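Architecture and fold: a report
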Amino acid sequence: MFERSREPRRRARPAAAAADGRPVPVRTLLLVRPLVLLLLAGVLPLLGAPAASGVASACTGRPARTVGFATGELRVYKSRALVCAVTVAKKPGKRRAMSVTLQPRGGRAVGDSGRYKTMAGPVTVNAVNRCVRATGAVAGKSASTGWILC
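Within each chain, residues carry numbers counting from 1 in the order of the written sequence. Totals for whole chains, interfaces and linings use all residues, but because this is a predicted model, local features are given only for residues with pLDDT of at least 70 and pairs of side-chain atoms are given and counted only at 80 or more. Based on all heavy atoms of the structure, the side-chain values leave hydrogens and waters out of the count.

Turning our attention to the overall build of the protein chain. To qualify as a helix, a DSSP run of H or I must reach at least 4 residues; to qualify as a strand, a run of E must reach at least 2; elements of each kind are numbered from the N terminus. Within the protein chain one finds 1 helix and 8 strands. Secondary structure elements in the protein chain, listed N-terminal to C-terminal, are α-β-β-β-β-β-β-β-β. Put simply, the protein chain has 150 residues, and 27% of those count as buried. Residue contacts follow a heavy-atom distance rule, with two residues in contact if any of their heavy atoms lie within 4.5 Å. Of the contacts made within the protein chain by residues no fewer than 6 positions apart, 44% connect residues no fewer than 24 positions apart. Methods summary: accessible areas were calculated by the Shrake-Rupley approach with a probe of 1.4 Å, and residue burial reflects only the protein chains presented. Of the roughly 11,100 Å² that the protein chain leaves accessible, carbon and sulfur atoms contribute 56%. The rule is simple: take the accessible area with a 1.4 Å probe, protein chains only, and divide by the maximum for that residue type; under 20% is buried, over 50% is exposed, in between is partly exposed.

Below, the structure is given as structure tokens:
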């Protein structure tokens, strides 16, 4: 019925081979691959790989509102029960007056102010089913969100 092929069978080639064609032991591959991945993970940030937002935020949650102004940016983040805010300078470097304030409706305002190089904050408030108001300032210029997340 079916004829067998008269071609000689080829042996399966190993997944990895050394430069001289010898197969690399599986144990070596299991050690080398994670090390290469760790090395790449450590080197890419040093090579200037683009960052997602320029400055890593100390807030958790999803971005809820971003308000830009002349000297910086006010960023508000919302998680399940918390609202967090930071003020980030447009041109980090020298120390200058920076502040961030976050207030839940019917609650006391929480803030952070001082002379910072990059970022003021984070400030966090518990805001389950409450509106919040955020204000940020860098070097005399400021921005406010008004009541949001209602």
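Let's shift gears to a positive patch on the surface. Only residues whose relative accessible area exceeds 30% and that take part in no salt bridge are eligible for patches, with like-charged residues grouped when within 9 Å of each other and nonpolar side chains (Val, Leu, Ile, Met, Phe, Trp, Tyr) grouped when within 5 Å. Throughout this description, the term salt bridge denotes a Lys or Arg side-chain nitrogen within 4 Å of a carboxyl oxygen of Asp or Glu. Charged residues are defined here as Lys and Arg on the positive side and Asp and Glu on the negative side; His and the ends of the chain fall outside this count. Where a charge sits is defined by one atom per residue type, namely NZ (Lys), CZ (Arg), CG (Asp) or CD (Glu). Where like charges cluster on the molecular surface, the positive patch consists of Lys94, Arg95, Arg115 and Lys117. Assignment of secondary structure puts lysine 94 in the loop between strand S3 (82–89) and strand S4 (96–104). By relative accessible area, which is 64% here, lysine 94 ends up exposed.

Turning to the sheet that holds strand S8 (residues 141–148), a few remarks are in order. At least two DSSP bridges between two strands are needed for those strands to be called paired. Read across the open sheet, the 4 strands follow the order S5-S4-S7-S8; overall the sheet is antiparallel. This sheet does not close on itself; its edge strands, each paired only once, are strand S5 (110–116) and S8. Strand-to-strand, the axes of this sheet are offset by a mean angle of 5°, without reference to chain direction. As defined by bridge partners, S4 adjoins strand S7 (residues 132–138) across 7 bridges and the pair is classed as antiparallel. Following the sheet pairing, glutamine 103 is matched in S7 by arginine 133. Fitted lines through C-alpha atoms serve as axes, helices being fitted only where they are in contact, and the angles separating the N-to-C directions of these axes extend from 0 to 180 degrees.

Turning our eyes to something else, we now look at the environment of glutamine 103. Secondary-structure assignment places glutamine 103 in strand S4. Through-space distance from the C-alpha of glutamine 103 to that of valine 83 is 9.5 Å; in sequence the pair is 20 residues apart. In this structure the side chain of glutamine 103 is engaged in a polar contact, spanning 3.2 Å, whose partner is the backbone oxygen of glycine 107. Any pair of nitrogen or oxygen atoms within 3.5 Å is treated as a polar contact; in protein, a donor-acceptor pairing is required on top of that, and neighbouring residues in sequence qualify only through side-chain atoms on both sides.

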